[in-house]
Amino acid sequence: MNRLSYIATLLCLLCTPALAQGTKKNIDPKDAKTMTCPRLNEASAYEKGFSGFQFLIPGKDGFIFRSTDFKQDFALDETSQAAIRRTVNLLKQNGISLVMLIQPTRGIMARTLVDPTQAHAADFKPEAALESYRASIETLKKLGVITTDLTGGPQGADYFSLRDIHWTRDGANDSAQKIAEEIKKAGLLEGIRQEEYVTTKDKAGTFQGGLAEAVEKICKNKLPEESFVQYETTKKNAGSNALFADEAPKVVLAGTSNGTVKRANLEGAFKEHLGVDVLNVSVGGGGPDTAILDYLSSDAYRKNPPKVLIWEVPGHYSLNSKALYAQILPSIPTECKNPVGAKELTVSGATDFTMTAKQTDISGEVGYVKIQVKGKMPKSFKGRAVYGTKRGPAVEMVASDRMEKSVLLMEFDSRPGRFPTKFVFESPAKTTVDLQFCSYQ
């Protein structure tokens, strides 16, 4: 080979797409180690748009985990238990039963696929995590929540996708079936019109999971796609109940992207196993509270409240958050009772509002502030009650552009000796709001 031919051949090799993108030659779809790279162990790799994936860890049989999959403590603290009990009771006053679907973590369901030799996986104790998850389910039951342990169904890649945070169709179907059985046992479907739904296979396809996409961008490797079969759920006798076509569903599913990923068909699974229509208000890309807060502030909730509210929460999220219930609880009442202290306020950065109302103006041990946003909803909005010289915890209210709402709500203590002297509100952009202080009773 002459020198010119050698140079031409070398240039051709350098231009090959696989090598130009840094793709490894020998990626084994059954060996996640061949898909990953040492950089995944560096915190700096997750700084630009990947903070939610820190850290990514190869498992066995092509499975990829992230650190949050290895959560081991699911215990509910006393404050959260009290708030959940109040949530159950407040919903009951409005004729609504709270059902919670607590999705087990990927670490629990794919515990046999964890590689303990990998960084960030060595301290994970699967049996301890499983025991803690089951104990938290029993705690929720004692608080009046309708729920059940979901760990006994399909395992590993039969429940969760190999390289995506979402479940498979079999995982979603099994969980929906178990929750549906609890709903029926509790008699919550009484008075709701029954219908028959059937689920059939549709076309097959492939997809690239979110974890795989993150690995590709960080490691510059091209990962294999995963296959799936799409299932569709339809009413068996479509059109036979035309008289009831405008009737609002009495079962509502408020969840995360677990409820919006079409290939999982969670909504369809609930329709089939409950035998009733289901209004799916799940929101992808938000947190565990985005959908439930958006729904509770909607006209659909106020005009046609459901009988059953299914709240789907991925297990890696914590339910020990005062800010979580400080927004959910005041969203349940359909009106602001005994309103006091109305005030228009322009919030720019951190803005103080001195409280003119007194504890005697608000009945009960807790009250809440209703914040009506004028104009565009900011991407984030924080509120903090100040008690004398002591500040309460900041509540970062859900103000996502994925939601359709103009009202934010925040609970505060109003018992004697624990009443706000002022509030501090914070918005990243200049925002005008109307404030109103409300009682639950």
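Conventions adopted
- Residues numbered from 1 in each chain as written.
- Predicted model: local features only at pLDDT ≥ 70, side-chain atom pairs only at ≥ 80, totals over all residues.
- Heavy atoms only, no water.
- Core = buried A, V, L, I, M, F, W, Y, C linked by side-chain atoms within 4.5 Å.
- Buried < 20%, exposed > 50% of the residue type's maximum accessible area, 1.4 Å probe, protein only.
- Contact = heavy atoms within 4.5 Å.
- Helix = DSSP H or I, 4+ residues; strand = E, 2+ residues; numbered from the N terminus.
- Polar contact = N/O pair within 3.5 Å; in protein donor to acceptor, adjacent residues only side chain to side chain.
- Axes fitted to C-alpha atoms, helices over the stretch in contact; angles between N-to-C directions.
- Parallel < 35°, antiparallel > 145°, perpendicular 65-115°, else oblique.
- Left-handed = near helix turned anticlockwise from the far one by under 90°.
- Disulfide = S-S within 2.5 Å.
- Pairing = 2+ DSSP bridges.
- 1 Å grid on protein atoms, 1.4 Å probe; cavity = no way out; pocket = protein on both sides within 12 Å on 5 of 7 lines; lining within 4 Å.
- Points joined across faces, edges and corners; volume = space filled by probe spheres on them.
- Nonpolar A, V, L, I, M, F, W, Y, C, P; charged D, E, K, R; others polar.
- Phe/Tyr/Trp six-rings, centres within 6.5 Å; stacked < 30°, edge-to-face > 60°.

1. Looking at the nonpolar core
Nonpolar side chains tend toward joint burial in soluble globular proteins.
Part 1 of the argument: With 81 residues, the main nonpolar core has F270 and L274 as its most contacted residues.
Part 2 of the argument: If near-sequence neighbours (up to four positions away) are discounted, L274 is found in contact with A180, I183, K184, L189, Q194, V251 and I310.
Part 3 of the argument: Residues L345, A357, I371 and F412 belong to the second largest nonpolar core, which totals 27 residues.

2. Digging into the side chain of N265
Part 1 of the argument: Topologically, N265 is positioned in the loop between β6 (251-254) and α8 (266-274).
Part 2 of the argument: We classify N265 as buried; its relative accessible area is 13%.
Part 3 of the argument: Within polar-contact distance, the side chain of N265 engages the side chain of T233 at 3.0 Å.
Part 4 of the argument: N265 has contacts with T199, Y231 and T233, leaving out every residue within four places of it along the chain.

3. Points about the packing of helix α3 (residues 78-93) against helix α11 (residues 322-331)
Angle between the axes and distance between the axes: these two values describe a pair of packed helices.
Part 1 of the argument: Two numbers describe how α3 lies on α11: the axes approach to 10 Å, and their chain directions differ by 15°. If you check the angle between α3 and α11, you find them roughly parallel. The way α3 lies across α11 gives a crossing that is left-handed. Counting all contacts with α3, which are made through S80, A83, I84, R86, T87 and L90, the residues of α11 involved are Y325, I328 and L329.

4. Some thoughts on the state of the cysteines
Part 1 of the argument: The final tally for this structure, using the stated rule, is two disulfides.
Part 2 of the argument: Across the disulfide from C37 sits C219; the S-S distance is 2.1 Å. Residues C37 and C219 are joined through a disulfide that is left-handed, its torsion about the S-S bond being -80°. In this pair, C37 is assigned in the loop between α2 (17-20) and β1 (56-58) and C219 in helix α7 (residues 210-219), connecting sequence segments 182 residues apart.
Part 3 of the argument: Overall, C219 belongs to the buried group, its relative accessible area being 10%.
Part 4 of the argument: Disulfide partner of C336: C438, at an S-S distance of 1.9 Å. Residues C336 and C438 are joined through a disulfide that is left-handed, its torsion about the S-S bond being -100°. Linking C336 in the loop between α11 and β9 (337-354) with C438 in strand β15 (residues 422-439), this pair joins segments that are 102 residues apart in sequence. By the burial criterion, C336 is buried, and C438 matches it.

5. Notes on the side chain of N258
Part 1 of the argument: Along the chain, the position of N258 falls in the loop between β6 and α8.
Part 2 of the argument: Residue class for N258 comes out buried when judged on its relative accessible area of 3%.
Part 3 of the argument: Once residues within four sequence positions are removed from consideration, N258 is found in contact with Q103, H166, W167, A264, L266, E312 and P314.

6. With respect to the pairing of strand β11 (residues 381-387)
Part 1 of the argument: Burial of β11 is extensive: five of the seven residues sit out of reach of the surface.
Part 2 of the argument: In this sheet, strand β13 (residues 395-397) lies alongside β11 in antiparallel orientation, the contact comprising three bridges. If you follow F381 over to β13, its bridge partner there is M397.
Part 3 of the argument: By the bridge criterion, five bridges tie β11 to β15 in an arrangement that is antiparallel. Opposite A385, over in β15, you have F423 as the bridge partner.
Part 4 of the argument: Two elements, β11 and strand β12 (residues 390-391), share two bridges in a ladder whose sense is antiparallel. If you follow Y387 over to β12, its bridge partner there is K390.
Part 5 of the argument: Hairpin connection between β11 and β12: a loop of two residues separates the two successive antiparallel strands, and G388 in this loop has a positive phi of roughly 65°.

7. Remarks on empty space enclosed by the protein
Part 1 of the argument: Across all of its chains, the model carries one cavity of 30 Å³ or more by this definition.
Part 2 of the argument: Taken together, L293, S297, Q327, S331, K405, V407, L408 and L409 form the lining of the largest cavity.
Part 3 of the argument: Among the elements that take part in the lining of the largest cavity, strand β14 (residues 407-413) stands out by supplying three residues, more than any other.
Part 4 of the argument: Its residues assigned to classes, the lining of the largest cavity shows four nonpolar, three polar and one charged.

8. Considerations on α7
Part 1 of the argument: Among the 10 residues of α7, seven are classified as buried, and the element is accordingly described as predominantly covered.
Part 2 of the argument: Every buried residue belonging to α7 is among L211, A212, A214, V215, E216, I218 and C219, and all of these are buried.
Part 3 of the argument: Buried positions along α7 lie against β1, β2 (64-66) and α4 (106-109).
Part 4 of the argument: Just beyond α7, the residue with positive phi is K220, at close to 60°.

9. Re the packing of aromatic side chains
Part 1 of the argument: Applying the stated criterion across every chain, the model contains 18 aromatic pairs.
Part 2 of the argument: Pairing Y46 with F55 gives two aromatic rings, centres 5.5 Å apart and planes at 80°, and the pair type is edge-to-face.
Part 3 of the argument: Taking 5.3 Å as the distance between ring centres and 75° as the angle between the ring planes, the aromatic pair formed by F412 and F423 counts as edge-to-face. With F412 in strand β14 and F423 in strand β15, the pair connects residues that are 11 residues apart, well separated along the chain.
Part 4 of the argument: Here F412 falls in the buried class, since its relative accessible area comes to 2%.
Part 5 of the argument: For F423, a relative accessible area of 0% corresponds to the buried category.
Part 6 of the argument: An aromatic cluster is present here, built from F353, F381, F412, F419, F423, F425 and F437 joined pairwise through their rings.

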